[in-house]
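Examination of the molecular architecture
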Amino acid sequence: MPTPKEIALGAVAGTTTTALLAWKTLFPYIVDDIKTIRRTSRVAKIAGQQIMTGQFLVDVFEDHVARDPKKTFIIHEDKQYSYECVNAMANRVASLALTWNLEPSSTIATMIYNEAAFVWTLLGLLKVGLSDAFINYHLTAKPLLHSLNISEAKVIIVGAGDELLDSIMEVREGLPAVPIYVQGRAQETLPPGMLSFDDAILRTLPTNVCKSVRSHVNLMSPMCFIYTSGTTGLPKPAIINHAKSIGVSVTYSILDYSPSDVVYIVTPLYHSAATLLCLFNTFYTGATMVLRKKFSASHFFEDCRRHDVTVIQYIGELFRYIMALPETPLDPVHKIRVAFGNGLRQDIWTDFQKRFNIPWIIEIFGATEATGALLNITNKVGACGRLSPFMRWASTEFKDTFIVQYDPIEDTPIRDKRGRCIQVKPGEQGLLITPIPPTYTGFYKGDEKLSEKKILRNVFEEGDSFFNFGDLLYLDKDYYIYFRDRVGDTFRWKGENVSTREVCDVISALDFVQDVNVYGVRIPGTEGRAGMAAISVTGNADVTADMLQSLYQLCQKDLPSYARPLFIRFQKDFIVTQTMKHRKLELVEEGFDTVKVKDPLYYMDNDKKTYSRLTETSKDRLLQSRL
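Cut-offs used in this document
Per chain, residue numbering runs from 1 following the sequence as it is written. Since the coordinates come from a predicted model, pLDDT governs what is reported: local features require at least 70, and pairs of side-chain atoms require 80 or more to be given and counted, while whole-chain, interface and lining totals use all residues. To get the side-chain values, take all heavy atoms of the structure and skip hydrogens and water. Runs of E in the DSSP output that reach at least two residues are strands. Runs of H or I that reach at least four are helices, and both are numbered from the N terminus. Atoms considered for the radius of gyration are the C-alpha atoms alone. The globule rule reads 2.2 Å times the number of residues to the power 0.38. Whether a residue is buried, partly exposed or exposed follows from its accessible area with a 1.4 Å probe, protein chains only, as a fraction of its type maximum: under 20%, in between, or over 50%, in that order. Between two residues, a contact is recorded if the distance between any of their heavy atoms is within 4.5 Å. Computed with a 1.4 Å probe, the accessible areas rest on the Shrake-Rupley method; for each residue, only the protein chains presented here act as cover. Note that His is not counted, nor are the chain ends; the positive residues are Lys and Arg, and the negative ones are Asp and Glu. Lys charges are placed at NZ, Arg charges at CZ, Asp charges at CG and Glu charges at CD. By definition, a salt bridge exists where a carboxyl oxygen of Asp or Glu is found within 4 Å of a side-chain nitrogen of Lys or Arg. N or O atoms within 3.5 Å of each other form a polar contact, as long as, within protein, one can give a hydrogen and the other can take it, and as long as residues adjacent in sequence are counted only when both atoms are side-chain atoms. What makes a nonpolar core is a set of buried Ala, Val, Leu, Ile, Met, Phe, Trp, Tyr and Cys residues whose side-chain atoms join them at distances within 4.5 Å. One bridge is not enough; two strands pair if DSSP finds at least two bridges between them. Interaxial angles span 0 to 180 degrees and are taken between N-to-C directions of axes, which are lines fitted to C-alpha atoms, for helices over the stretch in contact.

1. Looking at the overall build of the protein
- A tally of helices and strands in the protein yields 19 helices and 30 strands.
- For a compact globule of 627 residues, the expected C-alpha radius of gyration is about 25 Å, and the protein comes in at 26 Å, within 12% of that figure.
- Based on the C-alpha atoms only, the size of the protein along its principal axes is roughly 100 × 65 × 60 Å.
- Buried residues in the protein amount to 56% of all 627 residues.
- Expressed as a percentage of contacts within the protein between residues at least 6 apart in sequence, the contacts between residues at least 24 apart total 69%.
- For the protein, the computed accessible surface area is about 27800 Å², with 54% contributed by carbon and sulfur atoms.
- Charge-centre separation for the protein: the mean point of 70 positive side chains lies 4 Å from the mean point of 71 negative side chains.

2. Overview of the environment of Leu-122
- Among the structural elements, Leu-122 can be located in helix α5 (residues 116-127).
- Residue Leu-122 is classed as buried on the basis of its relative accessible area of 0%.
- As for Leu-122 and Met-223, which are separated by 101 residues in sequence, their C-alpha atoms are 9.5 Å apart.
- Among all residues touching Leu-122, those that are not within four sequence positions of it are Asp-132, Phe-134, Leu-279, Phe-280 and Phe-283.

3. Some points on the side chain of Arg-564
- By secondary structure assignment, the location of Arg-564 is in the loop between α17 (545-558) and β28 (567-570).
- One buried charged residue, Arg-564, remains without a salt bridge, the closest side chain of opposite sign being Asp-558 at 9.0 Å.
- At 3.3 Å, the side chain of Arg-564 and the backbone oxygen of Cys-555 are in polar contact.
- Beyond its immediate sequence surroundings of up to four residues, Arg-564 is in contact with Cys-555, Gln-556, Leu-559 and Met-604.

4. Details of the nonpolar core
- Grouped together as the largest cluster of nonpolar side chains are 142 residues, with contacts concentrated most on Phe-73, Trp-100, Phe-280, Phe-283 and Phe-567.
- Counting residues per element, this core draws most heavily on α5, at nine residues.
- Setting aside residues no more than four positions away along its own chain, Phe-280 makes contact with Leu-57, Leu-122, Met-223, Cys-224, Ser-245, Val-248, Ser-249 and Thr-275.
- Core analysis: the second largest hydrophobic core is formed by 28 residues, Tyr-264, Phe-295, Cys-304 and Ile-312 among them.

5. A look at the sheet that holds strand β11 (residues 288-291)
- Across the sheet, which stays open at both edges, the eight strands sit in the order β2-β1-β11-β10-β12-β13-β14-β15 with mixed pairing between neighbours. If you trace the sheet from one side to the other, it starts and ends with β2 (79-82) and β15 (374-376), each paired once. On average, adjacent strands in this sheet sit at an angle of 20 degrees to one another, irrespective of strand direction.
- Bridging between strand β14 (residues 361-365) and β15 involves three bridges; their strand directions are antiparallel. Bridge pairing links Ile-364 to Leu-375 in β15.
- Where α5 meets the sheet, its contacts fall on β1 (72-76), β2 and β11, and the angle it forms with β1 comes to roughly 140 degrees.

This is the structure we're talking about:
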């Protein structure tokens, strides 16, 4: 017969179990809340501890070198680079940088492909307290010139590759008189005025430089600049200071990232997804990363199997291409335990996870310059996070994260009679906003107005300020969050943010263009939105073949491939809002539907190197092609 103590314990246990069952009945996703809180709180705790040590990422890296010098750090094109090897190359870069006699925290602009040289060049600059501006190597002409000039770089380093050198040579006359070093080339093979980076570092030593040369660096010092497109039209250098670099470098603690892990990187290192997440977390943890110069669907899982990859980083568009490949018995054969990224489409999520046997998919929603982020760590298909009342109450990480109502016509948040923003309710969509900390010193290098455009002020109280992501998110009845679209002057295509202002500025240079309105349109089976431009011709003149060819040539020359409008609509009368902004809502809804749109429609015809008339036949052919 049970004792009174055993009866009491049994009663307590039964009551607790009943209470838990009741909670799960009333709030079926409370377990997901708790899982999310526990893992995100871990990130904040570790970041705080790391900041208290006074160590920056380059210091942490040097500790890994001292502790395990022979461990493989980078695998690129089947070549393995140990921590010791990368450190030796970084020391040579640092020694060269010291000969430049630059002011503390000066900026160096680098334009380097995905390869080991990107990493050791960055580390070398950090060793002597310099900042690195990551230049998008896809850029040419005006966007490239703008990116270099706004960085205020005192030295430019160009990576190996004739295409990169050609791009620099094209804009050289518009650059200030600063040294330009070229990797992968001997001095005698370079154009006059260019310097061989390889020849220069051969004259330096691979020994560690004294840490005192970076003693001027503090948490608020800029570590690097990562460019992002926005409403100003041209790339903006987002400031990544050392405090933020430490914070993002422990993000992978969510997925229990350890030195035994191997992460696979195919997105460009000039992007935050590859650098802030993959590279910086590998710096912190002492793991191994596999670098591929560019994404290849057919080689993706082949590489993962060959190098025992355990973590893959993605943008949703990549998995769509992989899913298009024929199935093979090897699809589920690998050591991948988690996929971490953003933009995985809901319609392929389950099929991808099942076909390739991916146990855990973590979808993140954030922005390079943002003051917060969302995470879906529970494998909830299609969601990019969750934000429940319980999470707000139980966790400081979610307490001040909000989704507020948004007016798509006027492109502004909706405010109540007191002028305050209104939180969305379950079943509604709106803008994601996160609080700006007291240490805020600007989101972008350069004009303060660029940073101000990302700030919402007096949101709930007089004097408060929040970062505006500029994205529409949907909150469902169970408090899961889903990405809907970008708003304002940007949209996403081919994994890149496209600035409508930039495209408008380029097209407006044509003498026959009176006005232009650029927006993104959905294409079935693709991620994001393809570019489309509505153009009014001066004097309502008829469209000619010369106009179409000039438009095509200009877009090819002055715009990155992802920003070139796939469709053109010639429109006689533009609709504007009360604040004289172009109305896009109706245009976006009509898209390139040849039945709905009565205006002449054209598409980018790369075979004929012009814009050709869009018909039902040509549209079907276009949609069946690989866009």
